[in-house]
Amino acid sequence: MSGAQGRRFPPWVGVVLVTIALVALPFALMQAGTAWVRITNFAILFVILSIGLNIVVGFAGLLDLGYIAFYAVGAYVYALLASPFFGLHWPFWAILPIGALVACGFGVLLGAPTLKLRGDYLAIVTLGFGEIVRILLNNLSEPFNLTNGPKGISSIDPVSVFGLSLGGTTKVAGFAIPDAVKYYFLLIVLLVAVIVVALRLQNSRIGRAWEAIREDEVAARAMGIDTTRVKLLAFALGAAFGGVAGGLFAAIQGFISPESFVLNESVMVLAMVVLGGMGNVWGVVLGALLLSFAPELLRYTIEPAQRALFGKSLVDSEVLRMLLFGAAMVAMMRFRPAGLLPSAVRKRELARLAQDDNA
Amino acid sequence: MSLLSLSQVEVHYGGIRALKGVSMEVRAGELVALIGANGAGKTTTLRAIAGLARATGGIRFDGQSLLGQAPHAIARSGIALVPEGRGVFAQLTVDENLAMGAYSRGDRAAIEKDREHVLSLFPRLAERLTQTAGTLSGGEQQMLAIGRALLSRPRLLLLDEPSMGLAPLLVDRIFEVIRRVSAEGVTMLLVEQNANLALEVASRAYVLENGEVSISGSAADLLGNPKVQAAYLGIEG
């Protein structure tokens, strides 16, 4: 992001500054409590998820309301291959690609029969898919116990990198570094990789094909674009990102159950994409961070504020949180319908719609 | 040797027979016009060739059968369709639209040359490269759609009603370019309701009536044919 004032600093200065900030962040957060580092970790997971969903929704224009299913698939793949449940303890680096691939497969499984559908119809089918996966996870404890049903899978192995286990606390030069901080660094590295991949995808031939399909499918086909394949690719790639995030989730959490993968989560990830700005990777990052942190900030401020004002807690913070949340979304749709950081094309689309409305 | 040949092509939309056995051919380098009234099956014929409508019978392009092939595969084999209503990517810029036309090509230098050529054919587009296609006038959109199709270096260009909804002055401009592109050796199949215009630029023509070819011949013959004159050229017999 080189400003309009021209370059007073070479670009690497920015990279160095951001790197320093990202390295320092968890230690600063620890001053407020390790819980904040954990919250940040989950925020990063949701950023990865949003970037994945953005491929499907933002780039290719296919509305997916069951995205969390791929997150679930990635999480369960990790849990089954690295827990006492089957007695398997595969290394993290082996499982993550497998999780991504399996999620990818599920993406194709969902995509292949539904590609002829558009808009609302696609949304309904994907919503159904998300529910099917969740219900399967809930019930696949019989006849063969694959998922352990609603009880979920526990004692999942922590990630171990080059012999260093990321679980538990490590002492480095007298400093106690908790697991959350170690995971933070792993997540940041993966996040950077995911952002780079997403940006490269957007500017690739495939990225342009997605753009064309979103605009006019018939014309895209007339340009020689294999629309079926390209759309399937969007589903598969988006799903793979979800699978990676799911695997990390299982490792960090140590326990997963179908409860973590409800429709609400799909809607939340979609809200992050829409709030940030569909189609713009940086916008989506911002949206995911905002929607991940805002509830936590509210949780820590509303309760004490009520006590200070009324001497007791009148409204449950959870209720207020959702209320504020809803109000913010409505305001957003009114004042920044293309998202906080809209993509160039979306901005044009909405400007055009407004023009047509006025005409 | 014909570049494109249709033999007894039938297309059904549900229970309706839109094409009832159309046979025609386009030779390399020719500009062939397909004229007829609304609903005669002109657009359907183009859609069948481009793979957008399921057809039976025989459609061969350069010796290869096109039946059952996917639209994108047909496009890659060298057939470019300029659809009715233009089908430009409204939110993409003119430049991005043109780049999309060359999607299936990898030869950058040649693409750049073709782009320059298209912009010289349509200077109007050169002035509007960074504008989004949706903000262009109807005539400019038509130019863009033709330019985009030319960037795929088609061996056969299918034009569907290029004059539709345009002011007479713009129609003249578009047809001037059609004539030039044809003179440069691009083979074209032109669907037009404006039979006068179509027969002026075409070398041969087919008249479609209720899904069948009723009259065919050289454009000059058709211009002199009393039946064509009465039905399509507005000349009282």
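Computed from a predicted structure; not experimentally measured.

Cut-offs used in this document
- Residues numbered from 1 in each chain as written.
- Chains lettered and ligands numbered in written order.
- Predicted model: local features only at pLDDT ≥ 70, side-chain atom pairs only at ≥ 80, totals over all residues.
- Heavy atoms only, no water.
- Helix = DSSP H or I, 4+ residues; strand = E, 2+ residues; numbered from the N terminus.
- Rg over C-alpha atoms; globule rule 2.2 N^0.38 Å.
- Buried < 20%, exposed > 50% of the residue type's maximum accessible area, 1.4 Å probe, protein only.
- Areas by Shrake-Rupley, 256 points an atom, 1.4 Å probe, with all protein chains shown as cover.
- Axes fitted to C-alpha atoms, helices over the stretch in contact; angles between N-to-C directions.
- Left-handed = near helix turned anticlockwise from the far one by under 90°.
- Contact = heavy atoms within 4.5 Å.
- Nonpolar A, V, L, I, M, F, W, Y, C, P; charged D, E, K, R; others polar.
- Pairing = 2+ DSSP bridges.
- 1 Å grid on protein atoms, 1.4 Å probe; cavity = no way out; pocket = protein on both sides within 12 Å on 5 of 7 lines; lining within 4 Å.
- Points joined across faces, edges and corners; volume = space filled by probe spheres on them.
- Buried area = accessible area lost by both parts, 1.4 Å probe.
- Salt bridge = Lys/Arg side-chain N within 4 Å of Asp/Glu carboxyl O.
- Polar contact = N/O pair within 3.5 Å; in protein donor to acceptor, adjacent residues only side chain to side chain.
- Core = buried A, V, L, I, M, F, W, Y, C linked by side-chain atoms within 4.5 Å.

**Q** Quick one: what's the story with the overall build of chain A, residue by residue and with numbers?
**A** A count of helical and extended segments in chain A gives 13 helices and six strands. In terms of overall size, chain A behaves like a compact globule, its C-alpha atoms giving a radius of gyration of 21 Å where 359 residues would be expected to give roughly 21 Å. In terms of principal-axis extent, the alpha carbons of chain A reach across some 65 × 55 × 50 Å. The 359 residues of chain A split such that 48% are buried. Counting every atom, chain A has about 17,400 Å² of accessible surface; 69% of that belongs to carbon and sulfur.

**Q** Give me the lowdown on the packing of helix 10 (residues 263-276) of chain A against helix 12 (residues 317-335) of chain A, citing residues and values where you can.
**A** Residues and elements named next belong to chain A. The contact between helix 10 and helix 12 brings their axes to 11 Å, and the two run at 35°. Where helix 10 crosses over helix 12, the handedness of that crossing is left-handed. Residue-level contacts link Met-268, Ala-271, Val-274 and Leu-275 of helix 10 to Phe-325, Met-329, Met-332 and Met-333 of helix 12. Here the residues of the contact of helix 10 with helix 12 sort into eight nonpolar, no polar and no charged.

**Q** Quick one: what's the story with the sheet that holds strand 2 (residues 16-27) of chain B, residue by residue and with numbers?
**A** One key point about sheets: their strands pair by backbone hydrogen bonds, in either a parallel or an antiparallel sense. Residues and elements named next belong to chain B. Ordered by their spatial adjacency, four strands build an open sheet running 2-1-4-5, and the pairing between neighbours is antiparallel. Each end of this open sheet is capped by a strand with a single partner; those strands are strand 2 and strand 5 (64-65). Against the sheet, helix 1 (residues 42-50) contacts strand 1 (2-13), strand 2 and strand 4 (55-61), and its axis sits at roughly 110° relative to strand 1.

**Q** Please provide a residue-by-residue account of empty space enclosed by the protein, values included.
**A** Rolled over the atoms, a probe as big as a water molecule pinpoints where empty space is left. Tallying each qualifying case throughout the model produces one cavity of 30 Å³ or more. Contributing to the lining of the largest cavity are A:Arg221, A:Ala222, B:Ala50, B:Leu52, B:Pro71, B:Ile74, B:Ala75, B:Ile79, B:Ala80 and B:Leu81. Breaking the lining of the largest cavity down by element, the ones donating at least two residues are helix 8 (217-222) of chain A together with helix 2 (71-76) and strand 6 (79-82) of chain B. Of the residues contributing to the lining of the largest cavity, the split by class is nine nonpolar, no polar and one charged.

**Q** Can you break down the interface of chain B and chain A residue by residue, with the values?
**A** The parts lose accessible area when they come together, and the size of an interface is often stated as this lost area. Contact with chain B, which involves 23 residues of that partner, is made by 20 residues of chain A. The contact between chain B and chain A buries some 2,100 Å² in all, and 61% of this surface belongs to carbon and sulfur atoms. It is B:Phe89, B:Gln91 and B:Tyr103 that lose the most area in chain B upon contact with chain A, and together they represent 35% of the buried surface on that side. Counting across the chain B and chain A interface gives zero salt bridges. If you look at where chain B meets chain A, you find six residue pairs in polar contact (both at pLDDT 80 or more). Partitioning the side of chain B that touches chain A into residue classes produces eleven nonpolar, nine polar and three charged.

**Q** Tell me what's going on with the nonpolar core, and back it up with residues and numbers.
**A** With 107 residues, the main nonpolar core has A:Ile51, A:Tyr78, A:Val159, A:Ile225, A:Leu248, A:Ile256 and A:Phe261 as its most contacted residues. No other element matches helix 2 (residues 34-59) of chain A, which puts 15 residues into this core. Once residues lying within four places of it in the same chain are set aside, the contact partners of A:Val159 are A:Tyr78, A:Phe92, A:Leu164, A:Ser165, A:Leu166, A:Gly167, A:Tyr183, A:Leu186 and A:Ala251. Of all hydrophobic cores here, the second largest spans 50 residues; its members include B:Ile35, B:Leu190, B:Ala198 and B:Ala219.

**Q** Summarise the layout of surface pockets; cite the residues concerned and give the values.
**A** All names here are of chain A. If you add up the space inside the second largest pocket, you get close to 720 Å³. Breaking the lining of the second largest pocket down by element, the ones donating at least two residues are helix 2, helix 10, helix 11 (281-310) and helix 12. Taken together, the residues of the lining of the second largest pocket break down into 15 nonpolar, three polar and seven charged.

**Q** Kindly report on unusual backbone geometry, identifying the contributing residues and their values.
**A** The step from A:Glu142 to A:Pro143 runs through a cis peptide bond, and the omega angle for that step is -10°. Take A:Pro143: it is sitting in the loop between helix 5 (119-139) and strand 3 (160-161). The backbone phi angle of A:Asn148 is positive, close to 65°, even though this residue is not glycine. Its place among the elements puts A:Asn148 in the loop between helix 5 and strand 3. Unlike most non-glycine residues, B:Arg153 shows phi in positive territory, near 50°. Along the chain, B:Arg153 falls in the loop between helix 6 (138-150) and strand 7 (156-160).

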